[in-house]
Every structure is written in structure tokens, then in C-alpha cells.
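Take a look at the letters that make up each chain.
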Amino acid sequence: MIVPMTPEKLMSVLFLHWQSTFQPFSVDKLAVNKYFNVLIAAYSSQNRYYHTLKHIFHVISTIDILQVYAQDLASVKLAGWFHDVIYNTHSQDNEERSADYATTILAKLAIPTHTINIVHQLILNTKYHQGEDLNSQVLLDADLAILAAEPIEYQEYSQAIRQEYAWVSELEYITGRKQVLERFLQRERIYFTPLMFDNCEQSARDNLQTEINYLLNENNRILQHPNQ
């Protein structure tokens with residue numbers, strides 16, 4: 001269950017997470033704080049309804065829960081922070097641009113090149129939600145944790161995604177969204193880590209199928225009553 005949090009509380013908690021993420025590295029604390037504000041601005045930009053600070057909080061929190069599976073927890077956390085920093089529903093290269101953005105900022109903070117390279121690849125892996133290494137699996141499971149949310153929370157998520165694609169016509173959106181959901185259902189498993197698979201796999205599949213059924217009903221309604 002996702003517990004509501006005031007914007008002020010969310011910002012405070014995120015800042016503590018942000019500082020904790022950089023503890024393994026020798027970095028300029030003032031610079032770290034500056035880039036926290038830069039990320040806050042990016043995730044608070046207009047036309048974001050799901051890919052917001054709340055999403056980042058849930059991803060980082062889930063990574064903490066799954067940290068036992070990560071081989072390089074610091075890199076996974078950094079990727080979690082940056083993976084949606086560039087988000088434009090008109091664009092097809094958000095993951096590539098987010099990965100490049102992370103590379104630029106982390107280099108300015110003097111994060112080791114090896115770590116930066118791992119973060120860059122982790123973010124790229126979120127494009128198709130595929131990754132064989134354990135670090136990727138932790139990040140991807142955290143990113144997709146919303147799929148297993150309680151039905152009401154899942155519905156809020158699906159509505160927020162629709163808002164981000166408000167410029168797409170209803171029929172086009174139904175077709176595209178349905179394809180995305182069906183691709184997840186066709187997978188052998190949605191979640192990679194044992195904890196997520198054991199506890200969340202069936203809930204995610206139930207939510208996906210429920211949304212597909214809703215989309216099919218909406219599609220039929222529009223076709224039958226095109227002028228309404």
C-alpha cells in the first residue's frame with residue numbers, strides 16, 4: 001500500500017535518500033546538493049503525471065527492499081535516480097538521453113568511470129525492461145513494482161499514464177497501450193528477483209489483464225458510438 005506523503009515530507013525523505021546514495025563516494029557535498037535540486041526540477045516539470053518524484057521515491061524505496069540481490073547497490077541507486085530524468089512522450093530516445101544526462105552529471109561529481117558506465121547501461125536497460133545481470137534485475141523490478149499495486153493504486157497509475165499521453169487520440173492510445181500490456185503478459189516472468197516474483201507476479205498479471213479488459217471495452221464503446 002502506497003502511503004500518501006505531503007510534498008514537504010517527500011522532499012525531505014528524498015533528500016536523505018539522495019545523500020545516502022552518495023555516501024560510498026568521495027564527492028563535494030555542495031555539488032551533490034546542487035544536483036539534487038536539478039533533479040527535483042526535472043521530475044517536477046509539466047506534463048508529468050506518473051514519472052514524477054513519487055515514482056522516484058517508490059523506485060528508490062523498492063531498491064532498498066531488494067538490495068540483497070544487487071551486486072553493486074550504489075550503481076543501482078544512482079540509475080534509479082536518473083532513469084527517467086528525461087521524459088517526453090513525443091520522443092523515442094528518453095532512456096538514451098537520460099543515460100547520457102546521468103553520465104554528464106556523475107562525471108562532474110567525480111564518480112568513478114567504472115560506476116558511471118554501469119549506471120549508463122542500467123538506464124538503457126529500462127527501455128525494454130530486459131537485463132540478465134542482477135543489478136539490472138533489481139532496477140527493473142523496482143521500476144515495474146507499480147504493476148503489482150493494489151487495484152485502486154494501479155488504476156491511478158494507469159490514469160496518470162493516460163494523462164502523459166493526452167495528445168494521443170483515444171483509439172490510438174488504446175491500441176498502443178494494449179500492445180505494451182500484452183508484451184508484459186507474454187513474458188515468462190514479469191519480475192526477476194525471487195522476492196518480487198513470489199509476492200508480486202500474480203498481482204501484476206491480474207492488474208494488467210484487468211486494464212486490457214477495460215481498454216477492450218472502451219474500444220468497443222467508441223466504435224459503437226463514434227460521435228459520443
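The coordinates are above.
Fair warning: this is a prediction, and the values are worked out from it, not measured in the lab. (Residues numbered from 1 in each chain as written. Predicted model: local features only at pLDDT ≥ 70, side-chain atom pairs only at ≥ 80, totals over all residues. Heavy atoms only, no water.)

1. Concerning the overall build of the protein
No. 1: If you tally the helices and strands in the protein, you get 10 helices and zero strands.
No. 2: Along the protein, from the amino end to the carboxyl end, the secondary structure elements read α-α-α-α-α-α-α-α-α-α.
No. 3: For 228 residues, the compact-globule estimate of 2.2 N^0.38 gives 17 Å, and the protein sits close to it at 18 Å.
No. 4: By principal-axis analysis of the C-alpha atoms, the protein measures approximately 60 × 35 × 30 Å. (Helix = DSSP H or I, 4+ residues; strand = E, 2+ residues; numbered from the N terminus. Rg over C-alpha atoms; globule rule 2.2 N^0.38 Å.)

2. Let's talk about the side chain of serine 75
No. 1: Tracing the chain through its elements places serine 75 in helix α4 (residues 73-82).
No. 2: Residue class for serine 75 comes out buried when judged on its relative accessible area of 0%.
No. 3: Other than its neighbours up to four places away in sequence, serine 75 contacts Thr115, Ile118, Val119 and Leu122. (Buried < 20%, exposed > 50% of the residue type's maximum accessible area, 1.4 Å probe, protein only. Contact = heavy atoms within 4.5 Å.)

3. Points about the pattern of salt bridges
Side chains that differ in sign of charge can pair as their charged atoms come close.
No. 1: A complete count under the given rule lists eight salt bridges for this structure.
No. 2: Notably, a salt bridge pairs lysine 77 with aspartate 64, separated by 3.0 Å at the nearest N-O pair. Here lysine 77, found in helix α4, pairs with aspartate 64, found in helix α3 (residues 53-65); they are 13 residues apart in sequence, far enough to count as distant.
No. 3: In this structure lysine 77 comes out as buried when scored by relative accessible area, which is 11%.
No. 4: By relative accessible area, aspartate 64 is classed as partly exposed at 21%. (Salt bridge = Lys/Arg side-chain N within 4 Å of Asp/Glu carboxyl O.)

4. Here we look at the side chain of aspartate 143
No. 1: Secondary-structure assignment places aspartate 143 in helix α7 (residues 134-143).
No. 2: Notably, aspartate 143 is buried but unbridged: the nearest opposite-charge side chain belongs to arginine 187, and the N-O separation is 9.5 Å.
No. 3: Beyond its immediate stretch of four places on either side in the chain, aspartate 143 contacts Tyr50, His55, Val59, His83, Asp84, Thr126 and His129. (Lys, Arg positive; Asp, Glu negative; His and termini not counted.)

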